[in-house]
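# Topology and contacts: notes
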Amino acid sequence: MLKEALDGQLTVLYNAVAASVQVQVEPVGRWFEAFLKRRSRNVSASFQELEEEEELSEEEEDEELQLEEYPMLKTLDPKDWKNQDHYAVLGLAHVRYKATQKQIKAAHKAMVLKHHPDKRKAAGEQIVEGDNDYFTCITKAIEILSDPVKRRAFDSVDPTFDNAVPSKAEGKENFFAVFAPVFERNARWSLKKHSPTLGNMDASFEDVDNFYSFWYNFDSWREFSYLDEEEKEKAECRDERRWIEKQNRASRAQRKKEEMNRIRTLVDTAYNCDPRIKKFKEEEKARKESEKKAKAEAKKREQEEKERARQAEATAARMLKEKEEETARQAAQQAKKEKEAQKKAFKKERQKLRNTCKTQNYFTDNEADSVRMMEEVEKLCDRLELTSLQTLNEALSSGDKEQSKAALEKQVQEVNVQLQKEKEAEIQAQQASRSAEHASGGGGGGLNNRGWNEEDLQLLIKAVNLFPAGTNARWEVIANYMNQHSSSGAKRTAKDVINKAKTLQKLDPHQKDEINRKAFEKFKKEHSFVPPTVDNAVPSERFDAPESNSAPWTTEEQKLLEQALKTYPVNTPERWEKISAAVPGRSKKDCMKRYKELVEMIKAKKAAQEQVSAKNKK
């Protein structure tokens, strides 16, 4: 440590002084608390100074605390302690829920010193014996307010709290002056310490949104256990205590629900009356309108751009098309000119060939050979190309008669050979086509390879009409029907039936009519034949009818027959006479035959369908 310099003397250092080192010291305990207080207050003070300041502030609070004498204290009924105002009893009516525990204890101490029965008795005042003295109310007040749980229960039902909710009419006149105190008053019930304020007309949208979000999700600590009508401590047994707890829970839940509905009503009313919400909605509406307008304008510009691009594209396409058409027209004209030139050249060369042959008398002296050669020359004119004609004409004009005749005969021979080859190729193609048609009509191998005779074709047409489109497994049913009723013995598959049906569809209409005509003739022949046993039988009323009508049944006649069968059931007397009378142009015998045919067709159809179903199940 340096010595202190005397007056008039200087301190001189002859050696270098070590650099200062900064050391970080972390306070703990009460010194850490003092450090936090210094930092929060932004002051520099020692721990002792802060403690002294705190003690002074507490003493000042005690000196400032003034108790208000409750005028109705002496008239209180100790038995009705639940309905008394405990803060007023202790003289803290002006402080209420803001009073600290120290203030409550000080107030209780002052009230005890003043109203204790011993003090009043010493002063000569008349004292009520037992718990009926009003001092019991003071004891009950300190009991409630000194316990945090009981105090919160009493604060939740504070008799001085205003639960009123302003109406819309009041809010519209002066919104902020009416609703600000109400929200500030109800904020005391919030579990969150810092609740947002209502603000003013200049508040931002975020502040207003945060305010209403807070209140719409308001979480209240207010509970109503203080208002329980029954005390479970007074229960005589466990069952009674459980019943009391159940009743109390139900009443608390009901009051809690009413409280939350009150808060929600308050927030809804404020939201509907808030002029800022109206302003924000108008701003949002204006913004959306402007966006919509901008979007419409952008869309309009885009459409205009598309229209311009489309027009430009259409113009370019039209010009290109015109150019192509012009090019095609010029090409067509050029092709036409070339074709005409070629046609003229053909005509010229053909005429030259004819004239040369005619001049040489077709290189023969015989009249028959001359005619034959004339035909051959015409054949050459029709078959030879232009270059071949030009080559032939050059050969005929450059050589002598024998050479010209040899050249002409050689060309004729080549053309005849070519025609013979083309004819043979055409004959082979026709034979191959007929073979293919025969193979396709024959089906597969074995029994299926047998051809389709007229009976099979008629049976196929009948089956296709009997099982129309929409029948389950239609082609399998048709194949089974044909296998059951065909006399040829050929077994047809669904594939064979489909192929033949397609072939029949492609046939000429006249061929179809011919097949149908033959089928009808066979049907008429089979059904007009009467067995000898019937001729030899005893006459009955069944065959007393007039001659039967062999014409096929029309759709209208079929409908009339079906309706008559429904109208006249089996037990109707003279049933078939009535049925035949209902079908004009048909006798009793015709109706009975048609009925038998229908029954047979239905039975065959059911049998074929059952057989296919059995196959599918396997």
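Moving on: the overall build of the chain. From N to C terminus, the chain includes 23 helices and 0 strands. Residues counted as buried form 27% of the 618 residues belonging to the chain. Considering only contacts in the chain between residues 6 or more positions apart, those separated by 24 or more positions represent 66%. Within the structure as shown, the chain displays about 44,000 Å² of accessible surface, and the carbon and sulfur contribution to it stands at 51%.

Now for the confidence of the model for the chain. Looking at the chain, the pLDDT average stands at 80 and 82% of residues meet or exceed 70. Contacts for the low-pLDDT stretch residues 441-449, under 50 throughout, to residues beyond four places or in other chains number 18 contacts. With pLDDT under 50 throughout, residues 529-546 is counted as low confidence; its partners more than four residues away or in other chains account for 12 contacts.

What follows covers the side chain of Asn-186. In this structure, Asn-186 sits in helix α9 (residues 175-186). Side-chain polar atoms of Asn-186 contact the side chain of Arg-262, separated by 2.6 Å. With near-sequence residues (within four places) excluded, Asn-186 lies in contact with Phe-161, Trp-215, Phe-218, Arg-262, Ile-263 and Leu-266.

Quick look at helix α11 (residues 238-273) now. Look at α11: 52 Å from first C-alpha to last across 36 residues, which is about the 52 Å you get at 1.5 Å a residue. Residues of α11 that are buried: Ile-244, Asn-248, Glu-259, Arg-262, Ile-263, Leu-266, Val-267, Thr-269, Ala-270 and Cys-273. Summarising the contacts, the buried residues of α11 are in contact with α8 (168-173), α9, α10 (205-216) and α12 (275-359).

Counted by the stated rule, this structure contains 19 aromatic pairs. Ring geometry for Phe-211 against Trp-215: centres 6.4 Å apart, planes inclined by 55°, an arrangement best described as tilted. Residue Phe-211 and its partner Trp-215 are located together in helix α10, separated by 4 residues, close to a single helical turn. Classification of Trp-215 as buried rests on a relative accessible area of 2%. Relative to Tyr-481, the ring of Phe-467 has its centre 5.7 Å away and its plane inclined at 75°; by these criteria the two rings are edge-to-face. With a gap of 14 residues between them, Phe-467 in the loop between α16 (454-466) and α17 (474-485) and Tyr-481 in helix α17 connect regions that are remote in the sequence. One exposure class covers both Phe-467 and Tyr-481, and it is buried. Taken together, Phe-175, Phe-176, Phe-179, Phe-183, Phe-211, Tyr-212, Phe-214, Trp-215, Tyr-216, Phe-218 and Tyr-271 form an aromatic cluster joined through their ring pairs. Between Lys-140 and the ring centre of Trp-81, over which it is positioned, the NZ or CZ distance is 4.3 Å.

Next up on the list: the nonpolar core. Of all hydrophobic cores here, the largest spans 25 residues; its most connected members are Leu-73, Leu-90, Leu-92, Ile-104, Ile-138 and Leu-145. Listed by contribution, the elements that provide at least two residues to this core are α3 (86-89), α4 (101-115), α6 (135-146) and α7 (148-156). Of all the elements, α6 adds the most residues to this core, at 7 residues. Look past the residues within four positions of Leu-90 in its chain and what remains in contact with it is Leu-67, Ile-104, Ala-107, His-108, Met-111, Ile-138, Ala-141, Ile-142 and Leu-145. Formed by 23 residues, the second largest nonpolar core is a distinct cluster that contains Val-208, Trp-221, Ile-263 and Ile-277.

Let us now look at a nonpolar patch on the surface. A surface patch of nonpolar side chains, amounting to about 350 Å² of accessible area, comprises Val-21, Val-23 and Val-25. For Val-25, the position within the fold is in the segment before α1 (30-41).

Right, let's get into the packing of α10 against α12. A pair of packed helices is characterised by two quantities: the angle between their axes and the separation of those axes. For the pair α10 and α12, the least separation of the axes is 11 Å and the interaxial angle reads 125°. As far as their axial angle goes, α12 and α10 are oblique. In the packing of α10 onto α12, the handedness of the crossing is left-handed. In contact with Phe-205, Val-208 and Tyr-212 of α10, α12 contributes Arg-276, Ile-277 and Phe-280.

Time to look at the pattern of salt bridges. According to the stated counting rule, one finds 28 salt bridges in the structure shown. We note a salt bridge from Arg-188 to Asp-158, for which the minimum N-O separation is 3.7 Å. With Arg-188 in the loop between α9 and α10 and Asp-158 in the loop between α7 and α8, this pair connects stretches of sequence that are 30 residues apart. Judged by relative accessible area, which is 5%, Asp-158 ranks as buried. With its nearest N and O atoms 3.4 Å apart, the salt bridge here joins Arg-264 to Asp-268. Taken together, the residues span about one helical turn, with Arg-264 and Asp-268 both in helix α11 at a distance of 4 residues. Take Asp-268: its relative accessible area is 28%, and that puts it in the partly exposed class. Because the salt bridges share partners, they merge into one network encompassing Asp-85, Arg-96, Asp-158 and Arg-188.

Thresholds applied
Along each chain, residues carry numbers from 1 onward, in the same order as the chain's sequence is written. Where totals are concerned, whole chains, interfaces and linings use all residues; where local detail is concerned, this predicted model gives features only for residues with pLDDT of at least 70, and gives and counts side-chain atom pairs only at 80 or more. In computing side-chain values, all of the structure's heavy atoms are included and hydrogens and water are not. Strands are runs of DSSP state E lasting at least two residues, helices are runs of H or I lasting at least four, and both sets are numbered from the N terminus onward. Only protein chains enter the calculation, and the probe is 1.4 Å; a residue is then buried if its accessible area is under 20% of its type maximum, exposed if over 50%, and partly exposed in between. Should any heavy atoms of two residues lie within 4.5 Å, those residues are counted as being in contact. Using the Shrake-Rupley algorithm and a 1.4 Å probe, accessible areas are obtained, with residue cover drawn only from the displayed protein chains. What pLDDT reports is the predictor's confidence in each residue, on a scale of 0 through 100. Within 3.5 Å is the distance limit for a polar contact, defined as a pair of N or O atoms, with the added protein rule that one can donate a hydrogen and the other accept it, and that residues adjacent in sequence qualify only through two side-chain atoms. In this scheme, a helix's expected span is set at 1.5 Å multiplied by one less than its residue total. Working definition: rings of Phe, Tyr and Trp (its six-membered ring) pair if their centres are within 6.5 Å, and the pair is stacked with planes under 30 degrees apart, edge-to-face with planes over 60 apart, and tilted otherwise. A ring is considered to have a charge above it if a Lys NZ or an Arg CZ atom is located within 6 Å of its centre and within 35 degrees of its normal. Residue types Ala, Val, Leu, Ile, Met, Phe, Trp, Tyr and Cys, when buried and joined through side-chain atoms within 4.5 Å, form a set referred to as a nonpolar core. Only residues whose relative accessible area exceeds 30% and that form no salt bridge enter a patch; like-charged residues are grouped when within 9 Å of one another, and nonpolar side chains (Val, Leu, Ile, Met, Phe, Trp, Tyr) when within 5 Å. When a carboxyl oxygen of Asp or Glu is within 4 Å of a side-chain nitrogen of Lys or Arg, the pair counts as a salt bridge. Fitted lines through C-alpha atoms serve as axes, helices being fitted only where they are in contact, and the angles separating the N-to-C directions of these axes extend from 0 to 180 degrees. An angle below 35 degrees is read as roughly parallel, one above 145 as roughly antiparallel, one from 65 to 115 as roughly perpendicular, and any other as oblique. Crossings are assigned a handedness: left-handed for a near helix turned anticlockwise from the far helix by less than a right angle, right-handed for a clockwise turn.

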